[in-house]
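Chain by chain, the residues:
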Amino acid sequence: MDKTELRRRIREKKRAMTAEEIERRSRELGRQFAATEAYRRAKTIYGYMPYNQEVRTLPLIRQAQAL
């Protein structure tokens, strides 16, 4: 499988996800990320605003700002 085919498959899978599934998976990824040693030791965290079916990062960004 080449890069173009891989990207197409990933796009299809993302488009098939419901809003609830995106939110649930985003919470789980955020929980896992916040539990890492790198996150706990970081002095700076870079985040992005999600677009379409991307991971919802705003809760994690807000959590990092509150620390």
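Above this note sits the structure.
Residues numbered from 1 in each chain as written. Predicted model: local features only at pLDDT ≥ 70, side-chain atom pairs only at ≥ 80, totals over all residues. Heavy atoms only, no water.

1. Here's the deal with the pattern of salt bridges
Between side chains of opposite charge, pairing is possible as soon as their charged atoms come close. For the structure shown, the criterion picks out eight salt bridges. Its salt-bridge partner being Glu5, residue Arg9 comes within 3.0 Å of it at the nearest N-O pair. Of the two residues, Arg9 and Glu5 both sit in helix H1 (residues 3–16), four residues apart, roughly one turn of that helix. Note that Arg8 is salt-bridged to Glu12, the shortest N-O span being 2.2 Å. With Arg8 and Glu12 both in helix H1 and four residues apart, this pair spans about one turn of that helix. The exposure class of Arg8 is partly exposed, given its relative accessible area of 33%. A relative accessible area of 42% means that Glu12 is categorised as partly exposed. A cluster of three or more residues bridged by salt bridges with shared partners is formed by Glu5, Arg8, Arg9 and Glu12. (Salt bridge = Lys/Arg side-chain N within 4 Å of Asp/Glu carboxyl O. Helix = DSSP H or I, 4+ residues; strand = E, 2+ residues; numbered from the N terminus. Buried < 20%, exposed > 50% of the residue type's maximum accessible area, 1.4 Å probe, protein only.)

2. Here we look at the environment of Val55
Positionally, Val55 belongs in the loop between helix H3 (37–41) and helix H4 (58–66). On the accessibility criterion, Val55 (30% relative accessible area) is partly exposed. When residues no more than four places from it in sequence are discounted, the contact partners of Val55 are Ser26, Leu29, Tyr48 and Pro50. (Contact = heavy atoms within 4.5 Å.)

3. Focus on the side chain of Ser26
Its place among the elements puts Ser26 in helix H2 (residues 19–34). Taking relative accessible area as the criterion, Ser26 reaches 6% and is therefore assigned buried. Separated by 2.7 Å, the side chain of Ser26 and the backbone oxygen of Ile22 make a polar contact. In this structure Ser26 touches Val55 and Arg56, once residues within four positions along its chain are discounted. (Polar contact = N/O pair within 3.5 Å; in protein donor to acceptor, adjacent residues only side chain to side chain.)

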